[in-house]
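Listed below are the residues making up each chain.
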Amino acid sequence: MVFDPNHIIMKLKTFFFAPALLVSILVSCSKEGSISLAGAKVICSSSEPQTVSVVAELLSKDIENVSGKEAGSSDVRIIVGTIGSGGAVDSLVACGKLDVSELGSDYERYVITALDSRTLAIAGTDRRGAAYGMFKVSEMIGVDPYFWWADVPVKHDAKASLKLGRIVSKKPSVRYRGIFINDEDWGLKPWSTYNFEKELGDIGPKTYEKVCELILRLGGNMLAPAMHSCTGAFYSHPGSKVAADKYGIIITTSHCEPLLFNNASKSEWDSKRDGDWNYKTNKEVIYGKLDARVAEAGMYENIYTTAMRGVHDSGLSGNFSADEKVEVITEVINDQREILTRHIDRPAEEIPQIFVPYKETLDIYNHGLEVPDDITLVWPDDNYGYLKRISNPQEQKRAGRAGVYYHVSYLGAPHDYLWINTTPPMLMYQELMKAYRNGADRYWLLNVGDIKPSELAMKTFFELAMDVDAFDEQSVNTHQARWLAGIFGKKHEGALQAILDEYYRLAWSRKPECMGWEREWDRKELADIMDTDFSFANYSEAQRRLAQYAELSDKVNRLMESLPEEYVPAFYELLAFQVNGSDQMNRKFLYAQLNHELYAAGDKAGANWAAARSREAYEQIDALNARYNSQLDGKWNGMMALAPAFNARFHEMPKLSETEGVEPREVDLSVKSEPLSGCAVVDLASAGKPLLRGLGYDWNVLRVDDLNFTLPEIDADSLDVHLWMLPLWPEYQGRSNRIAVSVDGGEEVILENSFVEKSDSWKDQVLRNGHDYAATFVLDSSLGSHTLHIRAVDEGQMLQKIILDWGGLKDSYLGPELQ
């Protein structure tokens, strides 16, 4: 058969394609291999799924926005569709002009190829595959996935040109990839209610259309909707589920929403109307609610949470013994699977289901709960980025495989972090890949709070979930800087990397939201704002932190000032706001602490000066939030606020000690370099092993295997060794966090970090991202030098700092600096 593109286009008269309709990628090719999409017509068959036609329209608009030329004004055609839909793509395959053999039967894959000098084809194995192919083209011509959500300017090119060969996508590494909108009370909810979707007055279909488009552009396929009681339940607005399906987005739900049912919403579950949320005493009502939800939503793509917890984020209702809890949850799961098979015409084994052993549910699972083999086990982190466990060898054989529920935003004990995203990409990579290598390739869900300002974390998360092989331990720490440089200019990549490294490093030892040193949901004496443990007296520790944050803010602001005006809003949202906010939050609390210390020492003039600096920082935080909400004519008004959560205090102004009538006097806060005496910091690089950059107090960590260090001269007969490790959880039952330590080849001391979630020890560790493995050793003074040997008893342990003390270590938060 001779290929005739006009024949194909004439044949498409029987298909549906509106003027704005877009399909797939490709363009006319010059001899140099460049492609021009300007004025291209996107052609989509009427037999294609709605998602394909919707994204085709978006592609067409993207091309218009890049080129400034109306769609269809040139003779270039982009034919888009899914294999097997009976449309144009199948015709191209049938006549031998489109080779899709490499795609096989895999899900969510696509091929982009030029058929001739003016015809481009984009073919997907399913509706999302075709959509990813189209959005790939959009990105290649200059439309960033965050063009709307982070106001990244579209790059204008009259030709909408690019160099392109045949592109065949890989099968996504993780089957289900999505975000959980959570703790939306102080961000997404007020923004939607009073700004973006004020006609409805809630987070509803209009908001979810934008959310789902973003997820799809980022390569995701799944959404767990907002579910706090302040927000109307997802299914209370019928158009929301329609909006998700329109973009091909699968609906999943949080760990406390069984079978898509949100019991935190009064419209869904009201104890005065419905009784207790207790399956043992109120099974009929609960069963009826779950049954009705699946009857309503079962026609759409969903992933169903099995088992049950209490109302919202509480433990299982009812005074049950451990054995009785296992019995109740077993009954719940069996009943839920019966509901699913009755409303969905498939065996239970073929309906996507998850079991999330979150908080107390993990105890029930460990006590002997048998989860059906086809259900995916979704392992949660401890809410601070450390996975509580991963699949053991037996669990790795499960048909349902495993997944991960991970946080970059959190509301809960010991303290929330809802304001600013400070989770390092290297931590996310290490924990997610640890799970992935042990079977967690089915389901990844990221708790992103309000989406903004977690854009950087989402970008890394989705790209990693799409292709884990595209990352390694070196590239993951530079991923975000490379992406930002692609937006704001390649010449800035080095500066962006330096800014991100310092930004994440400073927050590693204490997140900005936690600088008030108070704790939430804890003992009364810990509820109020307190001075920090950073020391002004020793090692210039607090002074150094203030200086480093000031330098960091100066760097980011200078870079922002150098950008073209249209790029400033995006830069502010993606980076400058977070950096400046972190700086001012640290200034507020550290200067308040200095005020207290100077006042107690009788320096009233210095105390007044420090008080003024703290108050200025408080006002600057308000100004930063106001700028975020007011720029771009108030597009994001209502989105950014210091979330007070339910009992946080960090957003408040600390109490100050001031003296009227005393003129403030500036205090010298210069960083003093003083030689250490009676203590030392060991250079991790001296072990001769590769350092992992992107974690740790000094932004390098060592994976513990078999490490040897030569120690400095020590004039003492005993030595305290402090090994600051990452607060990792044991991989699974039967494993621990043990290391073996010896000095000068002597007897090994086994050190173990054993903690329980919500214990004081665990809280201390996650707030500072570290645990001190300490031991004392007797030294042989006859030896001319000393050595330190560290061995991993349980693999995976990570070392971030070694401090030696033979009588001279002073009180501080992080100890002395490496000299």
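Residues numbered from 1 in each chain as written. Predicted model: local features only at pLDDT ≥ 70, side-chain atom pairs only at ≥ 80, totals over all residues. Heavy atoms only, no water.

Asks: Before we move on, can you summarise the overall build of the chain with the specific residues and values?
Replies: Check the secondary structure of the chain and you find 19 helices and 26 strands. The globule rule puts the C-alpha radius of gyration for 819 residues at 28 Å, and the 29 Å found for the chain is close to it. Dimensions of the chain, computed from the C-alpha atoms along their principal axes, are close to 90 × 65 × 60 Å. For the chain, buried positions account for 62% of its 819 residues. Contacts in the chain between residues far apart in sequence, at least 24 positions, make up 76% of those at least 6 positions apart. Within the structure as shown, the chain displays about 30400 Å² of accessible surface, and the carbon and sulfur contribution to it stands at 48%. Separation between the mean location of the 86 positive side-chain charges and that of the 120 negative ones in the chain comes to 5 Å. (Helix = DSSP H or I, 4+ residues; strand = E, 2+ residues; numbered from the N terminus. Rg over C-alpha atoms; globule rule 2.2 N^0.38 Å. Buried < 20%, exposed > 50% of the residue type's maximum accessible area, 1.4 Å probe, protein only. Contact = heavy atoms within 4.5 Å. Areas by Shrake-Rupley, 256 points an atom, 1.4 Å probe, with all protein chains shown as cover. Lys, Arg positive; Asp, Glu negative; His and termini not counted. Charge placed at Lys NZ, Arg CZ, Asp CG, Glu CD.)

Asks: Quick rundown of the pairing of strand β26 (residues 798–805)? Include the residues and the values.
Replies: For β26, a buried count of eight out of eight residues is recorded, marking the element as mostly surrounded by other parts of the structure. Sheet topology note: the strand β19 (residues 700–703)/β26 ladder contains two bridges and is antiparallel. Paired with Leu-702 across the strands is Leu-799, a residue of β26. Note: strand β21 (residues 718–725) against β26, six bridges, orientation antiparallel. (Pairing = 2+ DSSP bridges.)

Asks: An account of the packing of aromatic side chains is requested, with residue identities and associated values reported.
Replies: According to the stated counting rule, one finds 38 aromatic pairs in the structure shown. On the numbers, 5.7 Å between centres and 85° between planes, the contact of Tyr-591 with Trp-609 is edge-to-face. Of this pair, Tyr-591 sits in helix α17 (residues 568–600) while Trp-609 sits in helix α18 (residues 604–634), placing them 18 residues apart in sequence. Grouping residues by exposure puts Tyr-591 and Trp-609 together as buried. What links up through ring pairs into an aromatic cluster is the set Trp-148, Trp-149, Trp-191, Phe-196 and Trp-636. Lying over the aromatic face of Tyr-572, Arg-627 brings its terminal NZ or CZ to 4.3 Å of the ring centre. (Phe/Tyr/Trp six-rings, centres within 6.5 Å; stacked < 30°, edge-to-face > 60°. Lys NZ or Arg CZ within 6 Å of the ring centre and 35° of its normal.)

Asks: Describe the sheet that holds strand β16 (residues 443–449), naming the residues involved and giving the relevant values.
Replies: As summarised here, the arrangement of the eight strands in space is β11-β10-β9-β16-β15-β14-β13-β12, forming an open sheet in which the pairing is parallel. Each having just a single partner strand, β11 (250–251) and β12 (304–305) make up the two edges of the open sheet. One ladder, built from two bridges, connects strand β10 (residues 222–224) with β11; its direction is parallel. The residue bridging Leu-223 from the neighbouring strand is Ile-251, located in β11. The sheet strands contacting helix α12 (residues 425–436) are β15 (402–407) and β16, and the helix crosses β15 at an angle near 165°. (Axes fitted to C-alpha atoms, helices over the stretch in contact; angles between N-to-C directions.)

Asks: Tell me about the nonpolar core, and name the residues and values.
Replies: A general feature of soluble globular proteins is that nonpolar side chains tend to end up buried together. Counting residues in each nonpolar core, the largest one holds 220 residues, and the members touching the most others are Trp-149, Leu-223, Trp-444, Met-458 and Phe-571. Among the elements that take part in this core, α17 stands out by supplying 15 residues, more than any other. Apart from the residues within four sequence positions on either side, Leu-223 is in contact with Ile-179, Ile-181, Tyr-208, Val-211, Cys-212, Ile-215, Ile-249, Ile-250, Ile-251 and Thr-252. With 29 residues, the next largest nonpolar core counts Ala-687, Leu-719, Met-725 and Val-741 among its residues. (Core = buried A, V, L, I, M, F, W, Y, C linked by side-chain atoms within 4.5 Å.)

Asks: Break down the side chain of Ser-509 for me, with residues and values.
Replies: Its place among the elements puts Ser-509 in helix α15 (residues 493–509). Residue class for Ser-509 comes out buried when judged on its relative accessible area of 3%. Among the polar contacts made by the side chain of Ser-509, one reaches the side chain of Arg-545 at a distance of 3.2 Å. Excluding residues that lie within four positions of it along the chain, Ser-509 makes contacts with Phe-534, Arg-545, Tyr-697, Leu-767, Arg-768, Tyr-813 and Leu-814. (Polar contact = N/O pair within 3.5 Å; in protein donor to acceptor, adjacent residues only side chain to side chain.)

Asks: Hey, could you go over the packing of α15 against α17 for me, with residue numbers and the actual values?
Replies: Contact geometry of α15 with α17 gives a least axis separation of 11 Å together with a crossing angle of 45°. When the axis of α15 is compared with that of α17, the two are oblique. In the packing of α15 onto α17, the handedness of the crossing is left-handed. Facing Leu-496, Ile-499, Leu-500 and Tyr-503 of α15, the residues of α17 in contact are Phe-571, Leu-575, Gln-578, Val-579 and Ser-582. The residue makeup of the contact of α15 with α17, split by class, is seven nonpolar, two polar and no charged. (Parallel < 35°, antiparallel > 145°, perpendicular 65-115°, else oblique. Left-handed = near helix turned anticlockwise from the far one by under 90°. Nonpolar A, V, L, I, M, F, W, Y, C, P; charged D, E, K, R; others polar.)

Asks: Go over the sheet that holds strand β22 (residues 738–743), please, and point to the residues and values.
Replies: Overall, antiparallel pairing links the four strands, which are arranged β20-β25-β22-β23 in an open sheet. Each edge of the open sheet is held by one strand with a lone partner, namely β20 (706–710) and β23 (749–752). The mean inter-strand angle of the sheet, taken between neighbouring strand axes irrespective of direction, is 20°.

Asks: If you had to explain the pairing of strand β24 (residues 771–778) to someone new, which residues and values would you point to?
Replies: Side-chain alternation along β24 places His-771, Tyr-773, Ala-775 and Phe-777 on a buried face and Asp-772, Ala-774, Thr-776 and Val-778 on a face that remains uncovered. Across eight bridges, the pairing between β21 and β24 is antiparallel. Counted as the bridge partner of Val-721 is Ala-775 from β24.

Asks: Break down helix α10 (residues 322–343) for me, with residues and values.
Replies: Between the first and last C-alpha of α10 there are 32 Å, a value that for 22 residues agrees with the 32 Å anticipated at 1.5 Å per step. Among the residues of α10, those classed as buried are Val-326, Val-328, Ile-329, Val-332, Ile-333, Asp-335, Gln-336, Arg-337, Ile-339 and Leu-340. Those residues of α10 that are buried are in contact with α9 (283–297), β12, β13 (353–355) and α11 (360–366). (Expected span 1.5 Å × (residues − 1).)

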